[in-house]
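Analysis of the macromolecular model
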Amino acid sequence: MANGSGRPLSPHLQVYKLPLTAVMSITHRITGVGLAVGTLLLVWWLVAAATGPEAFARAQGFIGSFFGLLLMFGWTAALYYHLCNGIRHLVWDAGKAFELTDADRNNKVVLGATAVLTVLTWIVGLAAW
Amino acid sequence: MASNSKTLRSPLQVARGLGSAKHGTEHWWSQRLTAIALVPLTVWFVFGVIGHLGADHAAFVAWMKSPFSAVMMVLTAVVTFHHAQSGLQVVIEDYVHVEWQKMALIIGVKFLSFALAAACVLAVVKIFIGA
């Protein structure tokens, strides 16, 4: 070992390639923080609706703009990721699915469900617009 | 301890600082409870947003005049902000190690979260009651 002790070293994060499970763990946190910031849009939407038609039209106009749609798309994906991976965390909290094979499979389940739900939501959303 | 020890410290003094009494799991539990509540609330919210993309003011007001929708929107806002401030607190505790900065951020996040939640609730109530 590099430190000459013969004892295992913990991964050096700058050169260590994170496994998918680790990447998904930090992504859960990042999407959580992103969604917290995204709540500002919810506040604007509701307060604008309570203020009156002009304020509401401004908020709806922003959401319908290119930048607004981009934000909404990112927000949708982050929301579904955090939702699906959050359910996975609840399964872990119940003491289940800790084996590596479970983790590898559930990585794919969460990523697949996030992609499918995001795309489906936008197909339905754009059709309903 | 007290029965066989040569120490003069009381059992309470020995136990202090070793862990929580009763409330240690409260934060963890409230994060899970709000997470579970947010599963159905989020599904409702996504459908609600899809149904009101590009809607005019009258359509939105009509939506929030329904008691069910108003209650669901209030719950969504309150539980979301509760969950958000609880999660952000953990993130801050993990990455900010200067005590006063950590405390300032946590207090700021909590105050802002509950203020924004209150704004959402007032907005929904105003639309619901308003003419």
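Model, not experiment: these values are computed from the prediction. (Residues numbered from 1 in each chain as written. Chains lettered and ligands numbered in written order. Predicted model: local features only at pLDDT ≥ 70, side-chain atom pairs only at ≥ 80, totals over all residues.)

This next bit is on the overall build of chain B. For chain B, the count of helices and strands is five helices and zero strands. Counted from the first residue to the last, chain B has its helices and strands arranged as α-α-α-α-α. The C-alpha atoms of chain B give 22 Å as radius of gyration, which overshoots the globular expectation for 131 residues (14 Å, by more than 25%). Each principal axis of the C-alpha atoms in chain B carries an extent, and together these give about 80 × 30 × 25 Å. Sorting the 131 residues of chain B into buried and exposed places 18% on the buried side. (Helix = DSSP H or I, 4+ residues; strand = E, 2+ residues; numbered from the N terminus. Rg over C-alpha atoms; globule rule 2.2 N^0.38 Å. Buried ≥ 20, exposed ≤ 12 C-beta atoms within 10 Å, placed from the backbone.)

In terms of helices and strands, chain A carries four helices and zero strands. Taken from the N to the C terminus, the helices and strands of chain A come in the order α-α-α-α. For chain A, the C-alpha radius of gyration of 20 Å lies well beyond 14 Å, the compact-globule estimate for 129 residues. C-alpha extents for chain A along the principal axes are approximately 70 × 30 × 25 Å. Looking at chain A as a whole, 22% of its 129 residues are labelled buried.

A few words on helix α2 (residues 53–64) of chain A. Under the 1.5 Å per step criterion, the end-to-end length of α2(A) is 16 Å for 12 residues, consistent within 8% with the ideal 16 Å. Among the residues of α2(A), A:F56, A:A59 and A:Q60 are the ones counted as buried. Buried positions in α2(A), seen along its axis, are confined to an arc of 95° and lie on one side of it. In α2(A), those exposed residues whose orientation departs by more than 90 degrees from the buried face are A:E54 and A:G61. In this fold, the buried residues of α2(A) make contact with α1 (20–51) of chain A together with α3 (57–64) of chain B. (Expected span 1.5 Å × (residues − 1). Arc of directions from axis to C-beta. Contact = placed C-beta atoms within 7 Å.)

Moving on: the confidence of the model for chain B. Across chain B, the average pLDDT comes to 91, with 92% of residues at 70 or higher. Interface confidence for the predicted complex, given as ipTM, is 0.87, next to a pTM of 0.86. (pLDDT = per-residue confidence, 0-100.)

Here we take up the interface of chain A and chain B. Chain A puts 27 residues into the contact, and the matching count from chain B is 27 residues. Every element with two or more residues in the side of chain A that touches chain B is listed here: α1, α2, α3 (66–93) and α4 (100–128) of chain A. If you tally residues by element for the side of chain A that touches chain B, the top one is α1(A), at 11 residues. The class makeup of the residues in the side of chain A that touches chain B is 18 nonpolar, seven polar and two charged. (Nonpolar A, V, L, I, M, F, W, Y, C, P; charged D, E, K, R; others polar.)

Residues and elements named next belong to chain B. As recorded in UniProt, the feature "transmembrane region" (unreviewed entry) lies at residues 33–55, 67–84 and 104–129. For residues 33–55, the end-to-end C-alpha separation is 33 Å, with 83% helix and 0% strand making up the annotated structure. The distance from the first to the last C-alpha atom of residues 104–129 is 37 Å, and the span holds 100% helix and 0% strand. (UniProt positions renumbered as here; feature names shortened; annotations may be inferred.)

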